[in-house]
Amino acid sequence: MTTTTGTSRQGIDSYMDWIKAEGIPIHEDWGIDVFAVEKGDWPRFGVKGAALHCKGRGDFNNMFALELPPGKSTVPQRHLFEAVVCVLDGRGSTQLEFADGRRRSFEWGPRSLFAIPLNAKYRHFNASGTQRALLAMTTNCPMIMNVFHNEKFVFDSDFEFDDRIGKDEYYAGEGDLAMVREGSNTWETNFVPDLAVIPLTDLSSRGAGGSSIMFILADGSMHAHISEMPAATYKKAHRHQAGTHVMCVTGTGFSLLWYPDQEDFVRIDWKPGTAFPPADRQFHQHFGTSTQPARYMACGIGSIRYPILNSQWLTLFGKGDGKVQNAHLSVKEGGDQIEYEDQDPRIHQMWLEEMRKNGVTPQMDKFIKT
Ligand SMILES: [Fe+2]
């Protein structure tokens, strides 16, 4: 036995220790413009990269940016954290290789979305000799690194999760649509060619005639969905668990984030490529301010198929610890959504002011009485 006084191995953040040692830029802010932030050489991937630590991200999820210079490809990877990848810039392909030698590859372009099946070997290729390719990857790397705190295990395990590979057509932009109920309709696939044009289903309960589709990607336990607000409208405020990284795909606008006891809002102005995750149980509200519909992708911990935490997804199925989390139900009824008629009057005025500045005609009259 040894006895020490005053020192001990405590309070270790294995994820942060690891990412600092990777030597890439680490960016922290409420919202991050993935197009613009500095990327640095990332030897592990053989291209440029950055860690994106949005302030509201919680303990389990993060984002990485990967920038492939013209004509370059990444060093082959495999890892025990899930990764949902959104293409922001450029064109290229990704090749997957499974233990039995099978390969799958697909070609992506701006606004493509795909997932890396857990621990599958993969490699990204930039198809252009003149343009960069820019990928934004939302992951549960912080959770996995902090649970196992062993880099070799996370990046060098040969176990194959063959149950995550899915059908061949999932790599060709095809999928399976499950119409369940509003807010729970799912498109199961591994590759979405263009998030801007994928058909959505009604989500008017979240306000302003919005629409969405939930994704089940690579049979993963990370959540992903895309939502659309019609032009010149805004959604109702709501709250849920942390980790859901929101990233604008089309349109422009802003979001407000706040806790009930705070006088002022955190405001994030967004355009395609801006990422931000509302913090744990922090109210947030998204506002379109352009003449085109605004689409945003959201990705975080716990999928509708495999819920994690005492989340809104567990509540859907009557599970959890009994505390209702329902981001579609009014706070007046015990839920976590603020109806338009109950919102702080400053909010609508703030949006109208932005619309005036942009010269865009508001389209909220049929949804909200002023
Ligand atoms: Fe949300």
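Quantities reported herein were computed from a predicted structural model and do not represent experimental measurements.

Rules used in this analysis
Numbers given to residues run from 1 along each chain, matching the order in which its sequence is written. Only residues with pLDDT of at least 70 get local features here, since the model is predicted, and only at 80 or more are side-chain atom pairs given and counted; chain-wide, interface and lining totals rely on the full set of residues. The basis for the side-chain values is all heavy atoms of the structure; hydrogens and waters are excluded. A run of DSSP states H or I qualifies as a helix once it reaches four residues; a run of E qualifies as a strand once it reaches two. Both are numbered from the N-terminal end. As a reference, a globule follows 2.2 Å times the number of residues to the power 0.38, and the radius of gyration itself is taken over C-alpha atoms. Per-residue and other accessible areas follow the Shrake-Rupley method at a 1.4 Å probe size, with only the shown protein chains counted as cover for residues. Charged residues are defined narrowly, with Lys and Arg counted positive, Asp and Glu counted negative, and His plus the chain ends left uncounted. Taken as the charge location is NZ of Lys, CZ of Arg, CG of Asp or CD of Glu. By definition here, a helix of n residues has an expected span of 1.5 Å times n minus one. When a residue's accessible area, from a 1.4 Å probe over protein chains only, is under 20% of the maximum for its type it is buried; when over 50% it is exposed; and in between it is partly exposed. This arc is taken over the directions from the axis of the helix to the C-beta atoms. Note on contacts: a residue pair is in contact if any heavy atoms of the two residues lie within 4.5 Å. Any N, O or S atom lying within 2.8 Å of the metal counts as a donor, and for Na, K and Ca the limit rises to 3.2 Å; water is left out, so some sites can look incomplete. Buried Ala, Val, Leu, Ile, Met, Phe, Trp, Tyr and Cys residues form a nonpolar core when they are joined through side-chain atoms within 4.5 Å. Cysteine sulfur pairs qualify as disulfides if the two atoms are within 2.5 Å. For helices, the fitted line uses only the C-alpha atoms of the stretch in contact; every axis is such a line through C-alpha atoms, and the angle between N-to-C directions lies from 0 to 180 degrees. Roughly parallel here means an angle under 35 degrees, roughly antiparallel means over 145, roughly perpendicular means 65 to 115, and every remaining angle is called oblique. Residue type decides the class: Asp, Glu, Lys and Arg count as charged, Ala, Val, Leu, Ile, Met, Phe, Trp, Tyr, Cys and Pro as nonpolar, and the leftover types, Gly among them, as polar.

Enquirer: Sorry, what's going on with the overall build of the protein chain here?
Expert: A count of helical and extended segments in the protein chain gives 5 helices and 25 strands. In terms of overall size, the protein chain behaves like a compact globule, its C-alpha atoms giving a radius of gyration of 21 Å where 370 residues would be expected to give roughly 21 Å. With the C-alpha coordinates of the protein chain rotated into their principal frame, the extents come out at 65 × 60 × 40 Å. With an accessible surface of roughly 16,100 Å², the protein chain has 49% of that area assigned to carbon and sulfur atoms. Between the centroid of the 38 positive side chains of the protein chain and the centroid of its 46 negative side chains there is a distance of 1 Å.

Enquirer: Honestly, helix 5 (residues 345-358) in this entry has me stumped. Any pointers?
Expert: One turn of the α-helix equals 3.6 residues, which is why residues spaced by three or four share an orientation. Here helix 5 contains 14 residues, and its C-alpha end-to-end distance of 21 Å stays within 8% of the 20 Å for a straight helix at 1.5 Å per residue. Listed in full, the buried residues belonging to helix 5 are I347, H348, W351, L352, E354 and M355. Along the axis of helix 5, the buried residues cluster in a sector spanning 160°; they form a single face. Residues P345, R356 and K357 are exposed on helix 5 and point more than 90 degrees away from its buried face. Among the structural elements, strand 20 (253-258), strand 21 (266-270) and strand 23 (283-288) are those in contact with the buried residues of helix 5.

Enquirer: Please clarify how the coordination of the iron ion should be interpreted in this entry.
Expert: Tetrahedral coordination by four donors sets the ideal angle at the metal to 109.5 degrees; octahedral coordination by six donors sets it to 90 or 180 degrees. Coordination of the iron ion by the protein is provided by H238 (NE2), H240 (NE2) and H284 (NE2), with metal-donor distances spanning 2.1 to 2.2 Å. Expressed as a motif, the donor residue spacing for the iron ion is H-x1-H-x43-H. For the residue pair H238 and H240, the accessibility class agrees, reading buried in each case.

Enquirer: I'm lost on the nonpolar core in this one. Help?
Expert: Where a protein is soluble and globular, its nonpolar side chains tend to be buried together. Y15, W18 and F64 are the most contacted members of the largest nonpolar core, which has 39 residues in total. Every residue in contact with W18, bar those within four places of it in the chain, is listed here: W42, R44, F64, C141, M145, E151 and F155. In terms of nonpolar packing, the next biggest core, distinct from the first, is built from 31 residues, L52, A224, I226 and M247 among them.

Enquirer: Help me understand the state of the cysteines, please; the structure alone is not making it clear to me.
Expert: What makes a disulfide is a covalent bond joining the sulfur atoms belonging to two cysteines. Tallied over the entire structure, the rule returns 0 disulfides. In this structure C86 is a free cysteine whose sulfur lies 9.4 Å from that of C299, the closest cysteine sulfur available.

Enquirer: Would you mind showing me how to read the packing of helix 1 (residues 14-22) against helix 2 (residues 141-148) here?
Expert: The angle between the axes and the distance between the axes are what describe a pair of packed helices. The N-to-C vectors of helix 1 and helix 2 enclose an angle of 110°; their axes lie 7 Å apart at closest approach. Relative to helix 2, the element helix 1 lies roughly perpendicular. For the pair helix 1 and helix 2, the contacting residues are S14, Y15 and W18 in the first and C141, P142, M145 and N146 in the second. The class makeup of the residues in the contact of helix 1 with helix 2 is 5 nonpolar, 2 polar and no charged.

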